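# Coordinate analysis (summary)
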Amino acid sequence: MHTPGKKREAWATQLGVILAVMGSAVGLGNFLRFPGLAAKYEGGAFMIPYFTALLFLGLPLCWAEWALGRYGGNRGHNSGPGIFRAVSSKRFVPYGGVLVLIVPIVIYMYYVFIEAWCLAYAWYMLTGQLALGKNSAEYVKFFDNFVGGSRDGVLFGAGGGPTLSFVALCFLLNFTLIYRGLSKGIEWFCRWAMPALILCAIVVVIRVLTLGTPNPAEPEWNVLNGLGFMWNPHTDKIPFGEALQNPQMWMEAAGQIFFSISVGFGTIITYSSYLRRRDDVALSALTGAAGNEFCEVALGGLMTIPAAFVFLGPVACEHCGSSFDLGFKTLPMIFQYMPLGQIVGTLFFILLFLAAVTSSVAMLQPGVALMEEGLGMRRKTSVLWLGLLTMLGTGFIVFFSKNLVALNTFDFWVGTLAIYLLATAEAILFGWVLGIKQGMAEIDAGAKIRVPRILGFILKYVTPVYLLGVIALWIRQQIMVSKDNQFRAIADDPVVRWSVVFIVAVSLLLGVLTFFSLRRWRKAERARQEATP
């Protein structure tokens, strides 16, 4: 809760907060995860569950988060637990806001490690150290050596110096920006980083779209067919209707929308809490989401898969693997085939790095907000304590680097499941606790556009059912499958087990901080009531 007499942080401009929110959303998922999923799930067929999730999950939740954040902020709260408490005075409701802390803080712990990969690859591409020829095995080996994929603890040995140096640089940059505050740090950076990011992306896309048919021996491997591979439904192996019956595709499409628009991450609800009462949230939310979709569909969708297609062919594209395989093992080799590939490759990894930083600087603001308003700490002290906590988490992930098991475990339990839980909690908070009438009135306050009234019905009924259905499908799948069973992995793999223990420990710590914050808020309220005649 805002302390009387203490100057409250705020955004300098409306454009600044839109760019900051857009920056928190635009990340590695736009340029690596989205095209990889589209290629994996029959091309254009994937776009049906993708846009369905956008309409019934992404946009409604985006409007809800902007409205809930401003609602809580104008009642003196900028933290997740505080915002939840501003909506309902019931004793246990604020603890739902702990997810607003857990999700971004834990994701930051591994995201900054991936961010360091992007920075390192930009440097290695610029200096020619990624010119490893046209043997894919060399790029796989280079990546595994850099991330310590061979064994746990290897990066803390003699050969891990370069990797740790890039991680340290990313930590320093992030905390410098966060330390400087909202307007002087995060907003300042996003106001120039977002245009620079989009400019880099446009240059790369233009180069990809002008490749033509680089291999005369394979005339079918051309840009037009590459775009067709990315966007046309693939019906040669599986009928279109049958492809749409794949529940895993619908689950991953919904997850991509969360990554894409940054709903369920805890950043939008925190950022919007620093808005003034009459600041627009309706158009701002739509603008931020539209800008992110432009980066994802119009830029990310025209870049990586078409480039891979024209040099490696359709079979290789079907087996690009994970986002990491596509971005750090396949594309560096493709840039060796491409005329001006060193320049384009450098711009591509600079693009990824800027996208990563604009996302990561948003992830600690929810924690800073709780420590400031709940525990009475100054911003600089809050940033330092969060720096120590996240450094410990990143160290854990860097140490347990073999096959990236710890990173993938963190990503699943927090970067996937916990996001669904937070999004569900926010939909229920908006639709059932705050109420549709009051919630829509909050969206309308200061609005520059009129949001369709059906949004209230969607947020109250459709979105929660959609989210709970996805979670139920996942639980059912985990019960039935033997491969990639996340519950069984906890029992079978000690690294997975310790990773889950670490996540639980961080969650309990944030829960304890929330408990003390709530007690402090109640005490302050009683003191004010006693002082009132």
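Note that the structure is a prediction, hence the values are computed from the model and not measured.

Along its length, the protein carries 23 helices and 0 strands. Compactness check: the protein gives a C-alpha radius of gyration of 23 Å against a globular reference of 24 Å for 533 residues, within 12% of the reference. Seen through its principal axes, the protein has C-alpha atoms that stretch 90 × 55 × 45 Å. Per-residue burial over the protein gives 57% buried out of 533 residues. By sequence separation, contacts in the protein at least 24 residues apart represent 83% of the contacts at least 6 residues apart. Element-wise, carbon and sulfur atoms account for 66% of the exposed surface of the protein, whose accessible area totals about 21,200 Å². Taken together, the 41 basic and 30 acidic charged side chains of the protein have centroids lying 13 Å from each other.

Our next topic: the pattern of salt bridges. Under the criterion given, the structure shown has 6 salt bridges. Glu 442 is paired through a salt bridge with Arg 70; the nearest N and O atoms lie 3.0 Å apart. In this pair, Glu 442 sits in helix α20 (residues 405–444) while Arg 70 sits in helix α3 (residues 47–73), placing the two residues 372 residues apart along the sequence. Residue classification places Glu 442 among the buried positions, given a relative accessible area of 3%. The exposure class assigned to Arg 70 is buried, which follows from its relative accessible area of 0%.

If you walk through the whole model with that rule in mind, you get 47 aromatic pairs. Ring centres of Tyr 121 and Phe 349 lie 5.4 Å apart, and the angle between their planes is 55°; on these two criteria the pair is classed as tilted. Note that Tyr 121 is positioned in helix α5 (residues 98–126) and Phe 349 in helix α17 (residues 341–363), a separation of 228 residues in sequence. Both residues of the pair, Tyr 121 and Phe 349, count as buried. Here the aromatic rings of Phe 146 and Phe 166 are separated by 6.3 Å at their centres, their planes lie at 55°, and the arrangement is tilted. Taken together, the positions of Phe 146 in helix α6 (residues 136–147) and Phe 166 in helix α7 (residues 161–179) put the pair 20 residues apart, joining distant regions of the chain. Relative accessible area serves as the criterion here: at 5%, Phe 146 is assigned to the buried category.

Glancing now at the environment of Trp 123. For Trp 123, the location among the structural elements is in helix α5. Separated by 175 residues in sequence, Trp 123 and Ala 298 place their C-alpha atoms 27 Å apart. Once residues within four sequence positions are removed from consideration, Trp 123 is found in contact with Gln 129 and Phe 166.

Moving on, we come to the side chain of Glu 426. Along the chain, the position of Glu 426 falls in helix α20. Of the side chains with opposite charge, Arg 70 comes closest to the buried, unpaired Glu 426, at an N-O distance of 15 Å.

Packing of helix α9 (residues 223–231) against helix α14 (residues 304–312) leaves a shortest axis separation of 8 Å and a crossing angle of 130°. One way to sum up the angle between α9 and α14 is to call them oblique. In the crossing of α9 with α14, the sense of the turn from one axis to the other is right-handed. Only Ile 305, Pro 306, Phe 309 and Val 310 of α14 make contact with α9, whose side of the interface consists of Val 223, Asn 225, Gly 226, Leu 227, Phe 229 and Met 230. Of the residues belonging to the contact of α9 with α14, the class tally is 8 nonpolar, 2 polar and no charged.

For Ile 268, the location among the structural elements is in helix α12 (residues 267–271). Residues Ile 268 and Phe 229, 39 residues apart in the sequence, show an inter-C-alpha distance of 34 Å. Not counting residues up to four positions away in its chain, the partners in contact with Ile 268 are Val 21, Cys 62, Glu 65, Trp 66, Ile 261, Ser 262 and Val 263.

Our focus in this paragraph is unusual backbone geometry. Even without being glycine, Leu 340 reaches a positive phi, approximately 60°. As for its placement among the helices and strands, Leu 340 is situated in the loop between α16 (323–337) and α17. A relative accessible area of 58% places Leu 340 in the exposed class. In this structure, Asn 403 is a non-glycine residue whose phi angle is positive, near 55°. Turning to its location among the elements, Asn 403 is positioned in the loop between α19 (379–399) and α20. Judged by its relative accessible area of 55%, Asn 403 is exposed.

The rules behind the values
- Residue numbers run consecutively from 1 along every chain, following the written order of its sequence.
- Owing to the predicted nature of the model, reporting of local features is limited to residues with pLDDT of at least 70; listing and counting of side-chain atom pairs is limited to 80 or more, with chain, interface and lining totals taken over all residues.
- Note that the side-chain values use all heavy atoms of the structure and ignore hydrogens as well as water.
- Strands here are runs of E lasting at least two residues and helices are runs of H or I lasting at least four, both read from the DSSP assignment and numbered beginning at the N terminus.
- Here the globule rule reads 2.2 Å times residues to the power 0.38, and the radius of gyration is calculated from C-alpha atoms.
- Summary of the burial criterion: residues with accessible area below 20% of their type's maximum are buried, those above 50% are exposed, and those between are partly exposed, where the area comes from a 1.4 Å probe applied to protein chains only.
- A contact between two residues is defined here by any heavy atoms of the two lying within 4.5 Å.
- Working definition of accessibility: Shrake-Rupley area with a 1.4 Å probe, residue cover restricted to the visible protein chains.
- The sign given to each residue is positive for Lys and Arg and negative for Asp and Glu; His and the chain ends receive no count.
- Working definition for charges: the position is that of NZ of Lys, CZ of Arg, CG of Asp or CD of Glu.
- Basic side-chain nitrogens of Lys or Arg form a salt bridge, by our definition, when they fall within 4 Å of a carboxyl oxygen of Asp or Glu.
- Two aromatic rings from Phe, Tyr or Trp, using only the six-membered ring of Trp, form a pair when their centres are within 6.5 Å; if the ring planes differ by under 30 degrees the pair is stacked, by over 60 it is edge-to-face, and anything between is tilted.
- Only the stretch in contact is used when a helix axis is fitted, and all axes are lines through C-alpha atoms; the angle between N-to-C directions ranges over 0 to 180 degrees.
- Every angle not falling under 35 degrees, over 145, or within 65 to 115 is termed oblique; those three ranges are roughly parallel, roughly antiparallel and roughly perpendicular.
- Note on convention: the crossing is left-handed when the near helix lies turned anticlockwise from the far helix by less than a right angle, right-handed when the turn is clockwise.
- Residues are grouped as follows: Ala, Val, Leu, Ile, Met, Phe, Trp, Tyr, Cys and Pro are nonpolar; Asp, Glu, Lys and Arg are charged; all remaining types, including Gly, are polar.

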